[in-house]
Amino acid sequence: MALNSLVDSPIIAFTILLTVIFTVPPIFEKLRLPGLVGLLVAGVVLGQNGLKLLDSESETIKLLSDIGKIYLMFVAGLEIDLEQFRKTKNRSIGFGSLTFLVPLIAGIITGRLFNFSWNASVLIGSLLASHTLLAYPIVSRLGVVTNEAVTVTIGATIFTDTGALLVLAICVGIHGGEFSALSLATLLGGLAIYSAIVLFGFDWAGKEFFRRSGDEQSNQFLFILLALFLASVGAQVIGVEKIVGAFLAGLAVNDVLGRSPVKEKIEFIGSVLFIPCFFVDMGLLIDIPAFLKTLSSIWLTVVIVVALIGSKFIAAFLAKLLYRYNTAELLTMWSLSLPQVAATLAATLVAYQTVNPAGERLINEGVLNSVIVLMLVTAILGPIITARFATSLQLSPTDFETDKLTTWWGNSEEQLAEKNDEPFTVIVPIYNPQTQRYLIEMAALLARHESGRIVPLAITKAHIHMDDPQLVIALDLSKQRLNLAREISQEFDVEVSPAIRIDDDAALGISRTSREQNASLVVMGWSRTTGLRARLFGSVIDSVFWSSHCQVAVTRLLSSPTTIQRILVPVGDLTRQTVGAVRFAQILADVNQAEVVLLHVSDRKTPQTLVERFTSQWSDIAAKTQLQVNTNIQTIRDDDISRVILRESQAFDLAVLRSVRYRTAGGLAVSQVTTQLIQELKCSIVLLGEPNS
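Counting restarts for each chain, with residues numbered from 1 along the sequence as it is written. For this predicted model, a pLDDT threshold of at least 70 governs which residues receive local features, and a threshold of 80 or more governs which side-chain atom pairs are given and counted, while totals over whole chains, interfaces and linings are taken from all residues. The side-chain quantities take in all heavy atoms of the structure and omit both hydrogens and water.

Further remarks concern the pairing of strand β7 (residues 566–570). When a residue's accessible area, from a 1.4 Å probe over protein chains only, is under 20% of the maximum for its type it is buried; when over 50% it is exposed; and in between it is partly exposed. A run of H or I in DSSP counts as a helix once it spans at least four residues, and a run of E counts as a strand once it spans at least two, with each numbered from the N terminus. β7 sits mainly inside the fold: four of its five residues count as buried. Should DSSP find at least two bridges between two strands, the strands are taken to pair. Sheet topology places β7 next to strand β8 (residues 595–602); five bridges connect them, and they run parallel. Residue I567 lies in a different strand from β8, and its bridge partner there is V596. Strand direction decides the pairing type here: β7 and strand β10 (residues 654–658), joined by two bridges, are parallel. When the bridges of β10 are listed, I567 appears paired with L654.

Given below as structure tokens:
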């Protein structure tokens, strides 16, 4: 009896959930399986068919799973890149229509083959029609996000997810009982009006609130959460499933959030807590006897999986014919649109839990189990195919030659002429006297090379009263640091314009000064805020990356920059950001007559012809500079990128890295090689963050 009371305790259930979320995904990721698979398995083991420690009917599980479900769809809406959608709007709508309608028809045929009602068959079709951009981090890492085929596929997500949720709303309404043409028209009309209110009203309200609240991130965070739950409740009021409102809320505040630190916090809370709870609950719903029965009559599962894979391929093939894409683009579009995670799982759970007055579910356990198998197959297959074929996608070289990020050093006469009007300015925030010298030296070397100036910046924390003794003492300390910075700068014969700023927020003080001074570069030291605290409250580095208008170089210098002779630049992709990192390294090498080595670690399965082409492209890019810098390219085949970079870096004085972060709608953070390198590299480091990254 005591044990039962413990199991029924909400605190005990929540503690078990936290333990599962903390321990299980890392174990499965080490086995090269998605972490969300581990959460599903944990749900099965801990549920009523296993240890009976968790019950999907308990109020705690229901609440956390419901929040996770709407959070999942909210994040799916947030992740749709509206800017890219606008660039290829017509083609995105075209491919979106194809990759929605073809799987929808395939799903309807599948449902009718297995004697499901027309309503249930249409619902099954809608489950196949959406897709989750689970492989986005792969195309991002490969640097092919701006390839038109990839952009079109990303843009198509807004169409497929919206369409699937619209069909879900109609099917749930029909299954509820008395449904007529009038009630259908009422539902669609109400949904259209409601969508307009959410998309335009929340967007306007969000922009107004963010403009008025300035840098109050806590209130902005609460505003976004309120928008999410208001939209979800509003959807229920008009008779539509709440995940539709959550998705619309994600789209509505997409432009408002951009890539701000608030978005990072919103996604972080969902990814580490609520969305994993949803996946555990999905596992709790899996009835093992019914699952085994489904496998014994495996044809439903097989047909659903084949229908999805085949119909998505047909849609991509039709897009290839329509838009004249090549085979690599066809296969990349197909693989990107394969994974069925966010909208599919959320809609499946809604359909399974929808019961009509006669007690019949909209879809049965066989469909639920088949969709879970479908999710597992596509979540593994999609990224594998993307990684294999996206390497063949290429961008036009002119994209790099004309992009501001890669020409900000002035590699052409036209750029040099422009820079004569505005001197090259380096902002150097200073705080720690122990690391100040190397920071100033780095900034002075770069500024002298570009015939520019440096602005040593001391940020002093604001007080309510400007005559507060503590503020006076802080200002005196800032003046002492700036005097030291002036002395160091004079050793390099470079123009110095020291600045003191009184500000409540150090990061915004840096960004505002760089904008006021029209800076070309911000060079700053490493932030001490790391780990969970940085993820929850943000670090100075994150905030400067977000708010700065110019390039930011975060440094961890172990020796004087004047002694640097060998510079390592890992080049895992062919993007503007990586080209910018190479240009930075070449400038620094030109100052010291140093050597630059571009290190590319390729997968063992990558064809040799692709590796050679990649190397040739980098040779051309490295040579397109007026600088007389010895730049070599080294290619190594290995599956462990971090290990190779760490091993090779032992012979170098400096490693130039770039900041990349992305989170998937699957709810789990995508680990980045950069994170491990920062922790383990033994040489000096420069981490470059692009503006608004």
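The salt bridge definition used is simple: a Lys or Arg side-chain nitrogen within 4 Å of an Asp or Glu carboxyl oxygen. This structure, assessed with the given rule, holds 14 salt bridges. One salt bridge in this structure joins R501 and D503, with 3.1 Å as the shortest N-O distance. For the pair formed by R501 and D503, the shared burial category is buried. Among the ionic pairs, D638 bridges to R643, the shortest N-O distance being 2.9 Å. Taking the relative accessible area as the measure of exposure, R643 reaches 44% and is therefore partly exposed.

Do not read the predicted coordinates in detail wherever pLDDT is low. Considering every residue of the protein, the mean pLDDT works out to 79; 86% of them sit at 70 or more. pLDDT is defined as a per-residue confidence score from the predictor, taking values between 0 and 100. Contact definition: two residues touch when any of their heavy atoms are within 4.5 Å. In this model, residues 662–671 is a region of pLDDT below 50 whose contacts with residues beyond four sequence positions or in other chains number 36 contacts.

So, about the packing of helix α10 (residues 181–213) against helix α12 (residues 242–252). Where α10 contacts α12, the two axes come as close as 8 Å, and the packing angle between them is 35°. The handedness of the crossing between α10 and α12 comes out as right-handed. Residues L191, Y194, S195, V198, L199, F202 and D203 of α10 touch α12, and the partners they reach there are V244, G245, L248, A249, L251 and A252. Tallied by class, residues from the contact of α10 with α12 come to ten nonpolar, two polar and one charged. Only C-alpha atoms enter the line fits that serve as axes; for helices the fit covers just the stretch in contact. Angles between N-to-C directions range over 0 to 180 degrees. Take the far helix as your reference; a near helix turned counterclockwise from it by less than a right angle gives a left-handed crossing, and one turned clockwise gives a right-handed crossing. Charged means Asp, Glu, Lys or Arg here, nonpolar means Ala, Val, Leu, Ile, Met, Phe, Trp, Tyr, Cys or Pro, and polar covers whatever is left, Gly included.

Working note: α-helix, 3.6 residues per turn, so residues spaced by three or four point in the same direction. Each residue after the first adds 1.5 Å to the expected span of a helix. Look at helix α2 (residues 10–30): 31 Å from first C-alpha to last across 21 residues, which is about the 30 Å you get at 1.5 Å a residue. When the local axis directions of α2 are compared, the greatest deviation, roughly 25°, occurs at I21, which is followed within four positions by the proline P25. Turning to α2, the residues buried within the fold contact α3 (35–46), α4 (59–79) and α14 (261–285). A positive phi of about 60° marks R32, the residue just after α2. Two axes enter the definition of the bend at a residue: one is fitted to the seven residues ending there, the other to the seven starting there, and the bend is the angle between them.

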